[in-house]
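The primary structure of each chain is shown beneath.
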Amino acid sequence: MLHRPVELAQYTSIKLTTRLLKAGIEASMGTVGDSFDNALAENFWSVLKTECVRRATFATRTDADLALFAYIDGWYNTRRIQKRLGWLSPDEYEAKYYADQATAEPVAVAPPTPTLTR
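Predicted model only: the values in this text are computed from it and were never measured.

Analysis parameters
Residues numbered from 1 in each chain as written. Predicted model: local features only at pLDDT ≥ 70, side-chain atom pairs only at ≥ 80, totals over all residues. Heavy atoms only, no water. Helix = DSSP H or I, 4+ residues; strand = E, 2+ residues; numbered from the N terminus. Buried < 20%, exposed > 50% of the residue type's maximum accessible area, 1.4 Å probe, protein only. Contact = heavy atoms within 4.5 Å. Areas by Shrake-Rupley, 256 points an atom, 1.4 Å probe, with all protein chains shown as cover. Patch = residues over 30% accessible without salt bridge, like charges linked within 9 Å, V, L, I, M, F, W, Y side chains within 5 Å. Salt bridge = Lys/Arg side-chain N within 4 Å of Asp/Glu carboxyl O. Lys, Arg positive; Asp, Glu negative; His and termini not counted. Charge placed at Lys NZ, Arg CZ, Asp CG, Glu CD. Polar contact = N/O pair within 3.5 Å; in protein donor to acceptor, adjacent residues only side chain to side chain. Core = buried A, V, L, I, M, F, W, Y, C linked by side-chain atoms within 4.5 Å. pLDDT = per-residue confidence, 0-100.

Caption draft 1: Structural detail: the overall build of the chain. Tallying secondary structure elements over the chain gives four helices and zero strands in all. Shown N-terminal to C-terminal, the secondary structure of the chain runs as helices and strands in the order α-α-α-α. Burial statistics for the chain: of 118 residues in total, 10% are counted as buried. Intrachain contacts of the chain at a sequence separation of at least 6 include 23% that bridge at least 24 residues. Of the roughly 10,500 Å² that the chain leaves accessible, carbon and sulfur atoms contribute 59%.

Caption draft 2: Highlighting a negative patch on the surface. Together, Asp-73, Asp-91, Glu-92 and Glu-94 make up a region of like negative charge exposed at the surface. Of the residues forming the negative patch, the biggest block, three residues, is contributed by helix H4 (residues 90-103). Counting through the fold element by element, Glu-92 comes out in helix H4. Here Glu-92 falls in the partly exposed class, since its relative accessible area comes to 40%.

Caption draft 3: Layout of the side chain of Gln-82. Mapped onto the fold, Gln-82 is located in the loop between helix H3 (61-76) and H4. Judged by relative accessible area, Gln-82 falls into the buried class, the value being 16%. Reaching out from Gln-82, the side chain makes a polar contact with the side chain of Tyr-76 at a distance of 3.3 Å. Beyond its immediate chain neighbours, meaning those up to four positions away, Gln-82 contacts Tyr-76, Trp-87, Leu-88 and Pro-90.

Caption draft 4: Structural view of the pattern of salt bridges. On inspection of all chains with the given rule, the structure shows three salt bridges. For Arg-61, the salt bridge goes to Asp-65, with nearest N and O atoms at 3.5 Å. Taken together, the residues Arg-61 and Asp-65, both in helix H3 and four residues apart, mark about one turn of the helix. Classification of Asp-65 as partly exposed rests on a relative accessible area of 39%. Across the salt bridge formed by Asp-100 and Lys-96, the nearest N and O atoms sit 2.9 Å from each other.

Caption draft 5: How the structure looks around the nonpolar core. Membership of the largest hydrophobic core is limited to six residues, which are Phe-44, Val-47, Leu-48, Cys-52, Tyr-71 and Tyr-76. Counting only elements with at least two residues in this core, the list comes to helix H2 (36-53) and H3. If you tally residues by element for this core, the top one is H2, at four residues. Not counting residues within four places of it along the chain, the set of residues in contact with Cys-52 comprises Val-47, Ala-67, Leu-68 and Tyr-71.

Caption draft 6: Examining the confidence of the model for the chain more closely. The predicted model of the chain averages 80 in pLDDT, with 71% of residues at 70 or higher. Least confident of the elements in the chain is H2, whose mean pLDDT is 82; most confident is H3, at 93.

Printed below as a string of structure tokens:
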């Protein structure tokens, strides 16, 4: 579900957060005053509009939906390299992350120190 906020305070309210949790929806907003979520989203929308939407005319909503899906799943996630991801595509970055997790050395945890009781 994508929705552009008109009044940001309503999207960080306890009432909305509770309704989302009850509906099984994870909110994408950060905390109040946190601009990081918005900056990343605005950057993505800018790229999407520039590289996909502004160059095309769609006859139907279905044509637009298919074009957006083809761009995001067929190009953006699979082949579009990104500086912030170490010049990898999102799919390559995710695969590398999980491969690194699988080959990481397990962290040794010391057993708890026994306590003396009287």
